[in-house]
Amino acid sequence: MNTRKAGFAPRTFMLLLMVYLLLPLLATGLYAFAQDWQNTLLPRSWTLSWFSDMFRDIRFLEALWTSLYLCIISVLLSLAVMLPAVFVITVYFPRWESFMKGIVVLPYAVPGVVAAVGLIRTYSSGPFDISGTAYLLVGAYFVVILPYMYQGIRNSLLSVSAVELLNAAELLGARRRTAFVNVILPNIWPGVMVSALLSFSVLFGEFVLTNMLVGGHIQTIQVYLYQRVGESGHLASAIAISYFVFILLLSAVLMKLGMKIKGQAK
């Protein structure tokens, strides 16, 4: 009896929490499909015209593609830099971990508005005049996702005992690079995929930094959504729901891919 009561409270709390979190999304979804919804509890009529207008708008497709390739480039660049760097520090220079932790948490200490103003002042003149370009935005994205990439890769390395795996592979005659590619990387790849997915989601929803850095030159999906909110609440709701479904499908695909790679590694 006591066990059942103890298990009932957490389940009830989780259910209420899920309802609280999903209720705004449900309301947004209803509004995206509603044609007439003013003084009633539920919409009086339904339509797909808002989604049709959204996909017929070339600006939406361009903004979606811009957000995709900027986020993908930033995540791939972060992976290319952080994966070997975190591996070397974790395995060969563990004394530097405290120093690295202090560096990667710096983005949390700097507000987005302050960071944007500092970047604009720094790169609007001089030898690196890249203000308002995609290069500046990719560099800013790289800094934003540093904490997620570092912590995710580091936790993956520690969870698989990377040092012991590397030593065992070297005892069996494997070179260090071969051991990293064929032994370490397949075992930590699911965690790396989760970190990359989380970083991509953070960047895909970034608005303040993007709008201040390149809002007048490059239109991402969040900037496009901000511009369309004043035109039609229904259309803005359709864009938000499409954005959520896209992230959900991408998450499912990447998680499935990560599980497949983990199974092959085993």
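Remember, predicted model here, so these are calculated numbers, not experimental data. In every chain, residue numbers begin from 1 and rise along the written sequence. For a predicted model such as this one, the threshold for reporting local features is a pLDDT of at least 70, and the threshold for listing and counting side-chain atom pairs is 80 or more; totals across whole chains, interfaces and linings nevertheless cover every residue. Water and hydrogen atoms were dropped before computing side-chain values, which therefore reflect all heavy atoms in the structure.

Q: I'm lost on helix H10 (residues 176–204) in this one. Help?
A: Residues three or four positions apart in an α-helix share a direction because the helix packs 3.6 residues into each turn. Strands are runs of DSSP state E lasting at least two residues, helices are runs of H or I lasting at least four, and both sets are numbered from the N terminus onward. An expected span of 1.5 Å times one less than the residue number is assigned to each helix. Over its 29 residues, H10 extends only 36 Å from the first C-alpha to the last, a length that falls short of the 42 Å expected when each residue adds 1.5 Å. At Leu 185, H10 is deflected by roughly 55 degrees, the largest bend along its length, and proline Pro 186 occurs up to four residues later in sequence. What the bend at a residue measures is the angle between two axes, fitted to the seven residues ending there and to the seven starting there.

Q: Whenever I open this one, the packing of helix H3 (residues 58–91) against H10 confuses me. Can you help?
A: Pairs of packed helices are described in terms of their axes, by the angle between the two and the distance that separates them. With their axes 10 Å apart at the nearest point, H3 and H10 run at an angle of 140 degrees to one another. The pairing of H3 with H10 is recorded here as oblique in orientation. Our pair here, H3 against H10, has a crossing hand that is right-handed. Residue-level inspection shows Leu 64, Ser 67, Leu 68, Cys 71, Ile 72, Ser 74, Val 75, Leu 79, Leu 83 and Phe 87 of H3 in contact with H10, the latter providing Phe 180, Ile 184, Leu 185, Ile 188, Val 192, Ala 196, Ser 199, Phe 200, Leu 203 and Phe 204. Throughout, the ten residues Ala, Val, Leu, Ile, Met, Phe, Trp, Tyr, Cys and Pro are labelled nonpolar, Asp, Glu, Lys and Arg are labelled charged, and all others, Gly among them, are labelled polar. For the contact of H3 with H10, the residue count by class is 17 nonpolar, 3 polar and no charged. Throughout, an axis means a line fitted to C-alpha atoms (over the contacting stretch in the case of helices), and angles, computed between N-to-C directions, take values from 0 to 180 degrees. Each angle is binned into one of four classes, with values under 35 degrees roughly parallel, values over 145 roughly antiparallel, values of 65 to 115 roughly perpendicular, and all other values oblique. Whether a crossing is left-handed or right-handed is set by the direction in which the near helix is turned from the far one by less than a right angle, anticlockwise for left-handed and clockwise for right-handed. We call two residues contacting when some pair of their heavy atoms lies within 4.5 Å.

Q: Help me understand the packing of aromatic side chains, please; the structure alone is not making it clear to me.
A: Here a ring pair, both rings aromatic, is described through the centre-centre distance and the interplanar angle of the planes. Centres within 6.5 Å are what make two rings of Phe, Tyr or Trp a pair, Trp counting through its six-membered ring; a difference in plane orientation under 30 degrees is then read as stacked, over 60 as edge-to-face, and the rest as tilted. Under the definition given, this model contains 11 aromatic pairs. Aromatic side chains Trp 65 and Tyr 69 sit 5.8 Å apart centroid to centroid with 45 degrees between the ring planes, which places their arrangement in the tilted category. Separated by 4 residues within a single helix, Trp 65 and Tyr 69 lie in helix H3, roughly one turn from each other. Remark: exposure states derive from per-residue accessible area (1.4 Å probe, protein chains only) relative to the maximum for the residue type, with buried under 20%, exposed over 50%, and partly exposed in between. Trp 65 gets classed as exposed once you look at its relative accessible area, which sits at 56%. Aromatic side chains Phe 87 and Phe 180 sit 4.6 Å apart centroid to centroid with 50 degrees between the ring planes, which places their arrangement in the tilted category. In this pair, Phe 87 is assigned in helix H3 and Phe 180 in helix H10, connecting sequence segments 93 residues apart. Here Phe 180 falls in the buried class, since its relative accessible area comes to 15%.

Q: Please clarify how unusual backbone geometry should be interpreted in this entry.
A: Where the residue is not glycine, phi is negative for most of them; where a peptide bond is considered, it is trans in most cases. You will see that Ser 161, though not glycine, has its phi angle at about 55 degrees, which is positive. Inspection of the secondary structure puts Ser 161 in the loop between helix H8 (146–159) and helix H9 (162–171).

Q: For this particular structure, what's the right way to read the side chain of Thr 47?
A: Locating Thr 47 in the fold gives a position in the loop between strand S2 (45–46) and helix H2 (49–56). Only 3.0 Å separates the side chain of Thr 47 from the backbone nitrogen of Ser 49, close enough to count as a polar contact. In protein, a polar contact requires one atom able to donate a hydrogen and another able to accept it; more generally it is a pair of N or O atoms within 3.5 Å, and residues adjacent in sequence count only if both atoms are side-chain atoms.

Q: What is the right way to look at the side chain of Ser 199 in this model?
A: On the secondary structure map, Ser 199 appears in helix H10. Separated by 2.8 Å, the side chain of Ser 199 and the backbone oxygen of Ser 195 make a polar contact.

Q: Explanation requested: the UniProt feature "domain: ABC transmembrane type-1" (unreviewed entry) in the protein in the structure shown.
A: UniProt positions are given in the numbering used here, feature names are shortened, and annotations may be inferred rather than shown by experiment. UniProt records the feature "domain: ABC transmembrane type-1" (unreviewed entry) for residues 64–254 in the present numbering. The span residues 64–254 carries 81% helix and 0% strand; its end-to-end C-alpha distance comes to 19 Å.

Q: Help me understand the nonpolar core, please; the structure alone is not making it clear to me.
A: Generally speaking, a soluble globular protein has its nonpolar side chains buried in company with each other. Formed by 58 residues in total, the largest nonpolar core has its most connected members in Ile 153, Leu 157, Leu 213 and Ile 239. At 13 residues, the largest contribution of residues to this core is made by H3. Here, the term nonpolar core denotes a set of buried Ala, Val, Leu, Ile, Met, Phe, Trp, Tyr and Cys residues that are joined through side-chain atoms within 4.5 Å.

Q: What is the right way to read the UniProt feature "transmembrane region" (unreviewed entry) in the protein from this model?
A: The sites that carry the UniProt feature "transmembrane region" (unreviewed entry) are, in the present numbering, residues 67–93, 105–124, 130–150, 179–204 and 235–257. Along residues 130–150 one finds 76% helix and 0% strand; the C-alpha atoms at either end are 27 Å apart. Secondary structure across residues 179–204 comprises 100% helix and 0% strand; the distance between its end C-alpha atoms is 34 Å.

Q: I would appreciate a short explanation of the pattern of salt bridges in the present structure.
A: Oppositely charged side chains may form a pair once their charged atoms are brought near each other. Salt bridge, as applied in this entry: a Lys or Arg side-chain nitrogen positioned within 4 Å of an Asp or Glu carboxyl oxygen. Scanning the entire structure with this criterion turns up 3 salt bridges. Here Asp 53 and Arg 56 are joined by a salt bridge, their closest N and O atoms 2.6 Å apart. Separated by 3 residues within a single helix, Asp 53 and Arg 56 lie in helix H2, roughly one turn from each other. Classification of Asp 53 by relative accessible area gives partly exposed; the value is 34%.

Q: Looking at this structure, how should I read the environment of Tyr 150?
A: Turning to its location among the elements, Tyr 150 is positioned in helix H8. Overall, the relative accessible area of 1% leaves Tyr 150 in the buried class. For the pair formed by Tyr 150 and Leu 225, sequence separation is 75 residues and the distance between their alpha carbons is 30 Å.

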